[in-house]
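Structural features, examined
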Amino acid sequence: MQSSSELAIDVRGLRKSYTTKAGTKVAVDGIDLQIKAGEIFAILGPNGAGKTTTVEILEGYRNRDAGDVSVLGQDPGKLGHDNREWRNRIGIVLQSTNDVADLTVYESVSHFAKYYANPKNPESVIESVGLTEKRDAKVLSLSGGQRRRLDVALGIIGTPDILFLDEPTTGFDPEARRVFWDLIRSLRASGTTIVLTTHYLDEAEALADRVAVITDGRIVEVATPQTLGGRHQALAVVSWVENGVTQHLESADPAVEVVKLSQRLGHVEELLVTRPSLEDIYLSMIGQTEIGDAR
Amino acid sequence: MKNPSILKVGIARGGIEIKMFLRQRESVVFTLFFPVLLLFIFGSVFKNNIAPGVSFSQYFVAGMVASGLVNTGFQQLAIMIPIERDFGALKRLRGTPMSPISYFIGKSIVVTASMLFQVAILIVAGRLFFGLHLPSTADRWIRFGWLVILGSICSTVLGIAFSSIPKTGRGASAVVSPIVIVLQFLSGVFFVFSSLPSWMQQFAALFPLKWLTQGMRSVFLPNTFAMKEPAHSWEIPKIAIILGVWTVIGTLWATRSFKWSDK
């Protein structure tokens, strides 16, 4: 167990339910999370799994029903209006915002800089999100991906210790996504703790030190992307084409099988060795709980 | 590291709010020039005197100055804030160290600036085209000054308070505008107040606009006209008290009910 001083975020037994006309819906059903200072932590899960509710409780937007929450040593649910010191150390990139439309990129970034005790230089933040060319363009005129990068700029302008990113790369083209990943990595290199919710498994795999999978308000597993769901121990699949027919076999030691095939066939047609992707593992994890609930 | 002061951030918000306001041209034209437009229409239609030495335009300017404060403060805020809420602007601000008080200071600055501009062009247009008589004594100007200040604070806090009522930005205008228009009719902006049925006068007396228009009449109309008021006097202390009470109610209501997001 980590000592609490190394933890940026410590959540124990978190619960939250909503009462609607249809009845009471449990959104978060007993979540424990320990996020270390300086790591990139991804939260994965299907829509409605409780990701956003959890993160919004950590961000101080929502109250909880039960559990202990500590973010940078403070309880976000108990800060009330006197939370400016704490807010100064938190950066938030929300899912979709459509404000500041009548301002230019520079005007909005330099204005938000005035809210913080220790802001970064607006020009260099604009450069780091790749919007230098759009510096004097109205926010209204930006493309979806450019807007998202502005959201990130507004999230990091205050030099946060923790940055929350909710679905940050929705609407990005592959090139922009790679540039964005580099930006996030450089923030980690400067010591920022990053909490990321995402639908994109390649993004979690590329960025995250650890991932948590949430379904139905519970954590299924917390692990590195490489070991999630026993992925590193899963059997590899060796496939090849023999006499025009595709053959498969599963093996814990695929190299041995490949050598055997090579000895037997000489030239092995369309040889492929695959391990389950993060996506395969993830889908089987959320699939299992759905079957479990149906019983 | 110390956070920047609440006042300093509030002033920065005021600057950026004014910038954003001026860039929405339709809304600039509508809010700033609408009262002048109404003055031209009403002033051209009703050319008669409503009392010896009191033209309709003179009466109407008093009413329009009062309702201008309600338009730019109450109406504009009660419509704009739900729209900002829909756009996620308020939620984003809530996630920064900016104090809510700075946000309210910023709103007051943009509202005050547009009120001053609106009142100025109304008076200039009235003077140039409709022979408006300006207040002739210092104490009338002083009264005008505190009525504008108290009226705009009252209107601003009530606008912020009322912004929690419309559920969506799109519906806000439909909820807010009829209330303002009905109050304008009942409070003696478009009609001479003493000509309204007494139940209407009593109902209007519950709301601040009636008192603000009465106060503005005391600034722009001759003292002989005070005899036409329901109490046969301008009731200046009562105006100050009622506007003050509404300001307190509005402040308490605003601080309790303000919503940063629709959830």
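Before reading further, recall that the structure is shown in the block above.
Residues numbered from 1 in each chain as written. Chains lettered and ligands numbered in written order. Predicted model: local features only at pLDDT ≥ 70, side-chain atom pairs only at ≥ 80, totals over all residues.

**Considering the overall build of chain A**
For chain A, the count of helices and strands is nine helices and 12 strands. Along the three orthogonal principal directions, the C-alpha set of chain A runs to about 70 × 50 × 40 Å. When the 295 residues of chain A are sorted by exposure, 38% land in the buried category. Sequence separation of 24 or more characterises 66% of the internal contacts of chain A that already satisfy a separation of 6 or more. (Helix = DSSP H or I, 4+ residues; strand = E, 2+ residues; numbered from the N terminus. Buried ≥ 20, exposed ≤ 12 C-beta atoms within 10 Å, placed from the backbone. Contact = placed C-beta atoms within 7 Å.)

**Description of the interface of chain B and chain A**
Listed by partner, the interface residues are 23 residues for chain B and 21 residues for chain A. Contributions of two or more residues to the side of chain B that touches chain A are made by α1 (6–23) and α4 (89–94) of chain B. Ranked by residues supplied to the side of chain B that touches chain A, first place goes to α1 of chain B with six residues. Taken together, the residues of the side of chain B that touches chain A sort by class into 11 nonpolar, six polar and six charged. (Nonpolar A, V, L, I, M, F, W, Y, C, P; charged D, E, K, R; others polar.)

**Looking at the packing of helix α3 (residues 56–86) of chain B against helix α9 (residues 208–220) of chain B**
Residues and elements named next belong to chain B. For the pair α3 and α9, interaxial distance at closest approach is 8 Å and the crossing angle is 135 degrees. Considering the angle they form, α3 stands oblique to α9. Judged by the twist between their axes, the crossing of α3 over α9 is right-handed. Contact with α3, carried on its side by Gln-58, Val-61, Ala-62, Gly-63, Val-65, Ala-66, Ser-67, Leu-69 and Val-70, involves Leu-209, Leu-212, Thr-213, Met-216, Arg-217, Val-219 and Phe-220 of α9 and no other residues of that element. Taken together, the residues of the contact of α3 with α9 sort by class into 11 nonpolar, four polar and one charged. (Axes fitted to C-alpha atoms, helices over the stretch in contact; angles between N-to-C directions. Parallel < 35°, antiparallel > 145°, perpendicular 65-115°, else oblique. Left-handed = near helix turned anticlockwise from the far one by under 90°.)

**Considerations on the sheet that holds strand β10 (residues 236–242) of chain A**
Residues and elements named next belong to chain A. Strand order across the open sheet formed by three strands is β11-β10-β12, with antiparallel pairing between neighbours. One side of each edge strand has no neighbouring strand; the edge strands of this open sheet are β11 (245–251) and β12 (269–274). Here the strands of the sheet are splayed against their neighbours by 15 degrees on average, with no regard to which way each runs. The pairing of β10 with β12 spans four bridges and is classified as antiparallel. Bridged to Val-237 within β12 is Thr-274. (Pairing = 2+ DSSP bridges.)

**Focus on unusual backbone geometry**
Unusually for a residue other than glycine, Asp-216 of chain A sits at a positive phi of about 50 degrees. Looking at the secondary structure, you find Asp-216 of chain A in the loop between β8 (210–215) and β9 (218–223). The phi dihedral of Glu-235 of chain B falls on the positive side, at around 55 degrees, and the residue is not glycine. Relative to the elements of secondary structure, Glu-235 of chain B occurs in the loop between α9 and α10 (236–257). A residue is classified by how many C-beta atoms lie within 10 Å of it, and Glu-235 of chain B, with 18 of them, is partly exposed.

**Quick word on the sheet that holds strand β1 (residues 7–20) of chain A**
All names here are of chain A. Taken together, the three strands give an open sheet; going across it, the order is β2-β1-β4, and neighbouring strands pair in antiparallel fashion. In this open sheet, the two edge strands, each paired with only one partner strand, are β2 (23–36) and β4 (66–71). Averaged over all adjacent pairs, the angle separating strand axes in this sheet is 20 degrees, with direction ignored. Here β1 runs beside β2; their pairing, made up of 11 bridges, is antiparallel. In the strand pairing of β2, Ser-17 is matched with Val-26. This element, helix α1 (residues 51–58), spans β1, β2 and β4 of the sheet and lies at about 120 degrees to β1.

**Observations regarding the nonpolar core**
Of all hydrophobic cores here, the largest spans 125 residues; its most connected members are Ala-42 and Ala-153 of chain A. Here the element with the most residues in this core is α3 of chain B; it accounts for 15 residues. Discounting residues that sit within four places of it in the chain, Ala-153 of chain A has contacts with Val-109, Val-125, Ile-126, Val-129 and Leu-131 of chain A. (Core = buried A, V, L, I, M, F, W, Y, C linked by C-beta atoms within 7 Å.)

**Remarks on the pairing of strand β5 (residues 90–93) of chain A**
All names here are of chain A. Residues Ile-90 and Ile-92 point to one face of β5 and Gly-91 and Val-93 to the other, with burial holding for every one of them. Of the pairings in the sheet, the one linking β5 to strand β6 (residues 162–166) comprises four bridges and is parallel in character. Residue pairing in the sheet places Ile-92 in a bridge with Phe-164 of β6.

**Regarding α1 of chain B**
Over its 18 residues, α1 of chain B runs 26 Å from end to end, which matches the ideal 26 Å to within 8%, given 1.5 Å per residue. Restricting attention to buried positions, one finds in α1 of chain B the residues Val-9, Gly-10, Ala-12, Arg-13, Gly-14, Ile-16 and Glu-17 of chain B. (Expected span 1.5 Å × (residues − 1).)

**Quick word on the environment of Trp-199 of chain B**
Residue and element names in this part refer to chain B. One can find Trp-199 in helix α8 (residues 198–204). On the basis of neighbour count, Trp-199 is assigned to the exposed category, with 8 C-beta atoms found within 10 Å. Spatially, the C-alpha atom of Trp-199 lies 40 Å from that of Tyr-103, the residues being 96 residues apart in sequence.

**Description of the pairing of β6 of chain A**
All names here are of chain A. In terms of burial, β6 is a largely internal element, five of the five residues being buried. As judged from the five bridges shared by β6 and strand β7 (residues 193–197), these two strands associate in the parallel manner. Looking at the pairing, Asp-166 lines up with Thr-197 of β7. The β-α-β motif built from β6, the intervening helix α6 (residues 174–189) and the parallel element β7 has right-handed crossover chirality. (Right-handed = clockwise from strand over helix to strand, strands pointing away.)

**Observations regarding the environment of Pro-222 of chain B**
All names here are of chain B. Tracing the chain through its elements places Pro-222 in the loop between α9 and α10. The spacing of Pro-222 and Tyr-59 is 163 residues in sequence and 10 Å in space, taken between C-alpha atoms. Those residues within four positions of Pro-222 in sequence are excluded, and the remaining contacts are Gly-53 and Val-54.

Note that all results are geometric; they support no functional claim without further evidence.
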